[in-house]
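Coordinate analysis (summary)
Here is what each chain is made of, one letter per residue.
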Amino acid sequence: MTETQEEIMLQIQDTLVSLDLAERFFCCDLDSCLGECCIEGDAGAPITEDERKKLEEILPVIWDDLLPAAKREIEEHGVAYVDEEGDLVTSIIDGKNCVFTTYSSGGMCQCAIEKACRAGKIDFLKPASCHLYPVRLTKYADFTAVNYHRWKICKCAEILGRSKGIRLYRFLEGPLTRYFGQAWYDELAEACEAYLEEYGE
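Residues numbered from 1 in each chain as written. Predicted model: local features only at pLDDT ≥ 70, side-chain atom pairs only at ≥ 80, totals over all residues. Heavy atoms only, no water.

**Here's the deal with the overall build of the protein**
This is how it is decided: Strands here mean DSSP runs of E at least two residues long; helices mean DSSP runs of H or I at least four residues long; both are numbered from the N terminus. Partly exposed residues are those whose accessible area sits between 20% and 50% of the maximum for their type, while under 20% is buried and over 50% is exposed, using a 1.4 Å probe and protein chains only. The protein chains shown are the only cover counted for residues, whose accessible areas, like all others here, come from Shrake-Rupley with a 1.4 Å probe.
When its secondary structure is counted, the protein shows ten helices and ten strands. Overall size of the protein, expressed as C-alpha extent along the three principal axes, is 55 × 40 × 30 Å. Across the 201 residues of the protein, 45% fall into the buried class. With an accessible surface of roughly 11,100 Å², the protein has 47% of that area assigned to carbon and sulfur atoms.

Below is the structure:
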């Protein structure tokens, strides 16, 4: 930890990680929320320029799974746009729905990208920001901040996580390892365990 932020952050390599990752319990409860994080909000999911190119590359594979309105949006404006904060994000329809959102027969949201990946049709699971959610990254000149985005629609995930005893850093082991690497995650897990041993409930 840094001396000035030891009460609120864990320093892992060149990142500062919110203690929420250690303290909060979390486990997605799709039966309750129906994947609402894919269809709520005022902007699309943050992506990189490389991810935008990848989305354009895989578009023909997932095209048939997209909603008619999503197809029109992509044809007219592309797979991504720059939002009011200057971030590149996935395109949306109806002012909120990600264009890559599909629906199962029970009304549950599904990601057309992830669906195709799990079916072995493409090798791209989803943009990093989607895979890492509910963690959000903010990049600064000297470090990257790793924070938990608290949102009322994820309350059911906090309840389920607590009932199962799953901390947020454990729930996101796969996505965090994919993004930061195994050595980084191992260091995070060790730091979280040490913190919880001393301060945890």
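Still more to cover.
**Regarding helix α4 (residues 68-77)**
Formally: The arc in question is the one spanned by the directions pointing from the helix axis to the C-beta atoms. Throughout, a residue-residue contact means that at least one pair of heavy atoms, one from each residue, lies within 4.5 Å.
Every buried residue of α4 is accounted for by A70, E73 and I74. End-on view of α4: buried residues confined to an arc of 95 degrees, all on one side of the axis. Structural note: α4 exposes P68, E75 and E76 on the side pointing more than 90 degrees away from its buried face. Looking at the buried residues of α4, the elements they touch are α3 (49-62) and β5 (92-93). The first or second residue beyond α4 is G78, which carries a positive phi of 90 degrees.

**With respect to the nonpolar core**
Side chains of nonpolar character tend, in soluble globular proteins, to be buried together. For clarity, the cut-off: We call a set of buried Ala, Val, Leu, Ile, Met, Phe, Trp, Tyr and Cys residues a nonpolar core when their side-chain atoms join them within 4.5 Å.
Among the nonpolar cores identified, the biggest contains 27 residues, and V17, L21, Y169, L176, W184 and L188 are the most heavily contacted of them. Counting only elements with at least two residues in this core, the list comes to β1 (9-12), α1 (20-23), β10 (144-148), α8 (168-171), α9 (173-180) and α10 (182-199). Among the elements that line this core, the one with the most residues is α10, at seven residues. What L176 contacts, discounting residues up to four positions off in sequence, is L21, L132, Y169, G181, W184, Y185 and L188. Of all hydrophobic cores here, the second largest spans 23 residues; its members include A70, I74, I93 and C98.

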